[in-house]
Structures are given as structure tokens and as C-alpha cells.
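What follows is the residue order along each chain.
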Amino acid sequence: MLTTDQAQRLLSGGGNVVDTDGNKIGGVGQLFADDQTGQPEWVTVKTGMFGGGESFVPLREAEMTGDDLRVPYDKDKVKDAPRIDDSDGHLSEEEEGALYAYYGWGDLDYGTSYDGSVDRGAGHDTSGADTDSAMTRSEEQLHVGKETREAGRVRLRKYVVTEDVTTTVPVSREEVRLEREPITEANRGDAMSGGDITTEEHEVVLNEERVVVGKETVPVERVRVDKDTVTEEQQVDETVRKEQIELDETEATRRPEGGRADG
């Protein structure tokens, strides 16, 4: 339902009436208000050739989108609405009832009765335009969901370090040792095989071990990064609103104790 300010903006803005998909139905014509509340209740749409014809559309589920008015009906539905003579700037109850019945509002309390008049139910709204004889109580319900988001990253990286290694390796070498032996019958022949007095040299090769250091790369272990999923309980605190309906009685409507209602 449009407010009075929105209705004035709609008339002065030169907007259009569009369907739920934003397709133009026609230009805004006139606004008709409720006789009792003064609230805007109907709008006419220029749907004829060159805007010559106007069709009535209820404002119950209409909403403003910029300068345009969005209604839950398509163009054909609006064009085929009952034609009403609005030359007097007023809708009769019979005309209004026929329009409501066409747009599917005839089964409400504020609809068309069997004699063609508009029946507003047992009560009427004091806060705005009449709708029906009942109130709708609504409340907010909390819907808690979950989403997955990135909490951090872990990177496996390797780098090279150096360390000093000390080890002991046994090495051996040959040393010369001079041995003397007396002349005996066993070695006399060897001793006398040379000349009487001669010059002679003997050469002995001495060997030794030296430490040779070499390095090779060998794999020692495999390292990988894995992840586990852990579950924890988190408490959600939120405030929701809900409507309450109570009966506000006056002294005149209360039944006296021990009495009965008149039939």
C-alpha cells in the first residue's frame, strides 16, 4: 500500500506502471483514495492507443521503484480489467467490488458480498486503510548457517644449513728400520757373493696412508604437510522480534460476572 507522500511523488514524477519484470504496462493516470481513510487505493494506467484508455489497478501489493510503480500483474491482465466510468472522480462500492473480484481479492472480508456491495467485515482498521477483520501476527525466525572461509596458510619450505663434522680416521705409514745380523754359516755365501771392497746402494720405497674426504648427497627422510578437521561447538546469540496480539476491551464490552450474552 502506498503512502500519501509516495502517491504525490508518483503523480508528479511522470512515472510508469510496470510489471514484476520491470516491463512497462502504461503511464500513470489518476489515483483514487479510500473514502473513509483517505489512503491511496487505486491507480489508473493508460493502456489504450496513445494513452486514450485507462485501466484500474489495486495498490495493495504495489511498490515504488524510483519514479515507477511496480504491480504484481502483467499488461494483459491490466488491459482486460473491467472498464469503469470515472468521470465523477469516484468509485462506487459495486464498481470497487467488481474490480477486487477481477484481481482475485473477492474472497477477502473486504470484498464483494452476494448483493454486490463491499463487505468490510466485523471491524475496521483504525491505523490505515481497511483490509479485513483479522490481524496477521509475524515473528522473526533465526536461521543459522555456516560458511567456509580461509583462516590461514601453512607453507612447507626447505633451506640449506652448514655444520662442522669432526671424526677420527686411523692412517698408517711405513718407516725404515735398520737391522743388523752377524755372519753365520747360513748367510756366509750371500755375504761373500760380491767383491772384496765395493760401493753399493739399496733403495727402499716407503708408503703412507693419507685421508681423502669426499661428500655425497643421500635422502634421509620424507616430510609432508597434512591437515586434520576438528569440530568445536560455538554458541550463537542473536535477538529476534515477534509480534504479540492482545485484546483491549472497554468497560462497555466486558460481560458482568454471572450474566449471559443476549441472543
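Residues numbered from 1 in each chain as written. Predicted model: local features only at pLDDT ≥ 70, side-chain atom pairs only at ≥ 80, totals over all residues. Heavy atoms only, no water.

Trainee: With reference to specific residues and values, describe the overall build of the protein chain.
Mentor: Tallying secondary structure elements over the protein chain gives 4 helices and 8 strands in all. Going from the N terminus to the C terminus, the protein chain shows its helices and strands as α-β-β-β-β-β-β-α-α-β-β-α. When each of the 263 residues of the protein chain is scored for burial, the buried share is 19%. Considering only contacts in the protein chain between residues 6 or more positions apart, those separated by 24 or more positions represent 54%. Total accessible area on the protein chain stands at roughly 23000 Å², and carbon and sulfur atoms take up 45% of it. (Helix = DSSP H or I, 4+ residues; strand = E, 2+ residues; numbered from the N terminus. Buried < 20%, exposed > 50% of the residue type's maximum accessible area, 1.4 Å probe, protein only. Contact = heavy atoms within 4.5 Å. Areas by Shrake-Rupley, 256 points an atom, 1.4 Å probe, with all protein chains shown as cover.)

Trainee: Residues and numbers for the environment of T3, please.
Mentor: Looking at where T3 falls in the secondary structure, it is placed in the segment before helix 1 (4–13). Counting along the chain gives 60 residues from T3 to E63, while the straight-line C-alpha distance between them is 10.0 Å. Apart from the residues within four sequence positions on either side, T3 is in contact with Q39 and P40.

Trainee: Residue-level account of the sheet that holds strand 2 (residues 24–33), with values.
Mentor: As summarised here, the arrangement of the 6 strands in space is 4-3-2-1-6-5, forming an open sheet in which the pairing is mixed. This sheet does not close on itself; its edge strands, each paired only once, are strand 4 (54–58) and strand 5 (63–65). Averaged over neighbouring strand pairs, the angle between their axes works out to 40° when direction is ignored. Contacting strand 2, strand 3 (40–46), strand 5 and strand 6 (68–70), helix 1 runs over the sheet at an angle of about 130° to strand 2. Across the sheet, helix 3 (residues 93–102) touches strand 3 and strand 4, and the angle it forms with strand 3 is around 75°. (Pairing = 2+ DSSP bridges. Axes fitted to C-alpha atoms, helices over the stretch in contact; angles between N-to-C directions.)

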